[in-house]
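Given next are the chains, with one letter for each unit.
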Amino acid sequence: MSRVMEPVALVIPGSLAEQKGGAGMRWRALAAALATLTRCEVIELACDHLLGCRASCLEGGGPPPNPEAADWCFSHLFCDNHAAGIAGRLLDSGIKTVVCSGIETAGYVPRFAEHGGLRIVYDMHNVEYPLYTSQRERSGDEVEFPDSHLDSVWRAESEAIAAADVTWNCSSADVATAAATYRHFDATRALVVPNVVTVTDPPVLPSAVPDHLCFTGILNWYPNELAVHELMMISRSLMERGIPVPTVVAGATPTPALITAGEAAGLRIVASPADTKPFITGAIMAVPLRLGSGSRLKALEAFALGAPVVSTPKGVEGLEVASGDHLLIANTAGEFADAIEQLMTDHEQRDRIITNAWQLVRDCYSVTALAALLQALPA
């Protein structure tokens, strides 16, 4: 990218308005930041073999050119006809830079690259293959993810990396993971483009004593499910100390089993709220993640809303934070309970952490900061 940016297209899987969770937040932030710098056309992939393309291609008519795309979860939006149609329309409109974001768009990267005149960015919301491999190793039979799907993820991600002119990664940690996973990954063509959140007014100080714990996220996502079970142990540890802090888990698509287990442990499970901000405000955000990739939007949201954070190292991996300055780091349920009690009782430390975290997210992880970073990126 140059300082005077040419028009750009952002290709995402499905409706921008309807996307949930961290991926949707990233796409909306990228669209907003790019729109402040140049003309940004958001391309929402329309073809879907799982819904309407099995009998006839929605783009070009006739039999679907990629019937195998219906066979695994990350390729069902791919269609050769759709790729050719999008590339042609972009070139006709004068757009030469295309940002394909997320593993669902990976199949489009090599197809777009075949059309001369397009510069392709592959935006990696996660480094997917090691993430799903670690989930399989951790979960055993709990997560149904066949080896054939793992192979497909590796192939799609590998081919997209090879075909793209540059990759965007959420953090330097993700750049290192991608380099360790794919021999042909060229770190000199990888740029760190972090996740960001909307930042508004600074927190009001002195802060009130938090009256509950909070955790947010897509709740049928296995790393988040594990974290909710960790929250049950943290809640139990607090109750044993005589600190019965209510715990609220708010997010999309919790499984019935998770709702049952969480409520039995005394957690309040809020399924698919329209907005998670009311649950974060006035809370301590607990982030007991053990698995993950990318950077942690739930922590950034808490920073922006003035909610102090207690997290595992994995829960804030990729963020430029320091324990004691921007949050408190904990590993075990007992350490989480210690940190939560500390934040509830030491108002000076709580206010310092809240202030430092808000300033960090304003300066480094806001949409304004992202726009400045994108404008400064090399061509």
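So, here's what we can say about the structure.

Next up on the list: the overall build of the protein chain. Broken down by element type, the protein chain carries 13 helices and 12 strands. Taken against the 2.2 N^0.38 rule, which gives 21 Å for 379 residues, the C-alpha radius of gyration of the protein chain at 21 Å falls within 12% of a compact globule. By the burial criterion, 53% of the 379 residues in the protein chain qualify as buried. For the protein chain, the exposed surface amounts to about 15700 Å²; the carbon and sulfur share of it is 53%. Where the 26 positive side-chain charges of the protein chain centre and where its 43 negative ones centre are 3 Å apart.

The next point concerns the packing of aromatic side chains. Here a ring pair, both rings aromatic, is described through the centre-centre distance and the interplanar angle of the planes. Taken as a whole and judged by the stated rule, the model has five aromatic pairs. Between Tyr108 and Phe112, the ring centres sit 5.8 Å apart and the planes meet at 45°, which makes this aromatic pair tilted. In this pair, Tyr108 and Phe112 are both assigned in helix H3 (residues 108–113), four residues apart and thus about one turn of the helix distant. Take Phe112: its relative accessible area is 0%, and that puts it in the buried class. Put simply, the rings of Phe74, Tyr132 and Trp221 touch in pairs and so form one group of aromatic residues.

Glancing now at the environment of Glu301. The residue Glu301 is located in helix H10 (residues 297–304) in this model. Put simply, Glu301 and Met285 are 16 residues apart on the chain and 9.4 Å apart in space, counted from C-alpha to C-alpha. Here Glu301 is in contact with Met25, Val197, Thr216, Thr276, Lys277 and Ile280, once residues within four sequence places are set aside.

What follows deals with the pattern of salt bridges. Under the defined criterion, the tally for this structure stands at 11 salt bridges. Notably, a salt bridge pairs Lys314 with Glu317, separated by 3.1 Å at the nearest N-O pair. Judged by relative accessible area, Lys314 falls into the partly exposed class, the value being 25%. With a relative accessible area of 27%, Glu317 lands in the partly exposed category. Overlapping salt bridges, with partners in common, bring together Arg241, Asp338 and Glu341 in one network.

The next point concerns the nonpolar core. Membership of the largest hydrophobic core comes to 54 residues, with the highest contact counts inside it found for Val228, Leu238, Val249, Leu267, Leu300, Val310 and Ile340. Ignoring anything within four residues of it in the chain, the contact list for Val310 reads Ile284, Met285, Ala286, Val287, Leu328, Ala330, Phe336, Ala339, Ile340 and Leu343. Counting 41 residues, the second largest nonpolar core, distinct from the first, contains Phe74, Tyr108, Ile120 and Ala160.

Time to look at the packing of helix H11 (residues 333–345) against helix H12 (residues 347–364). Contact geometry for H11 and H12: axes closest at 5 Å, N-to-C directions at 100°. Considering their axes alone, H11 and H12 lie roughly perpendicular with respect to each other. Contacts between H11 and H12 pair Gln342, Leu343, Met344 and Thr345 from the former with His347, Gln349, Arg350 and Ile353 from the latter.

Rules and cut-offs
Residues numbered from 1 in each chain as written. Predicted model: local features only at pLDDT ≥ 70, side-chain atom pairs only at ≥ 80, totals over all residues. Heavy atoms only, no water. Helix = DSSP H or I, 4+ residues; strand = E, 2+ residues; numbered from the N terminus. Rg over C-alpha atoms; globule rule 2.2 N^0.38 Å. Buried < 20%, exposed > 50% of the residue type's maximum accessible area, 1.4 Å probe, protein only. Areas by Shrake-Rupley, 256 points an atom, 1.4 Å probe, with all protein chains shown as cover. Lys, Arg positive; Asp, Glu negative; His and termini not counted. Charge placed at Lys NZ, Arg CZ, Asp CG, Glu CD. Phe/Tyr/Trp six-rings, centres within 6.5 Å; stacked < 30°, edge-to-face > 60°. Contact = heavy atoms within 4.5 Å. Salt bridge = Lys/Arg side-chain N within 4 Å of Asp/Glu carboxyl O. Core = buried A, V, L, I, M, F, W, Y, C linked by side-chain atoms within 4.5 Å. Axes fitted to C-alpha atoms, helices over the stretch in contact; angles between N-to-C directions. Parallel < 35°, antiparallel > 145°, perpendicular 65-115°, else oblique.

In short, the description is geometric, and any link to function would need to be established separately.
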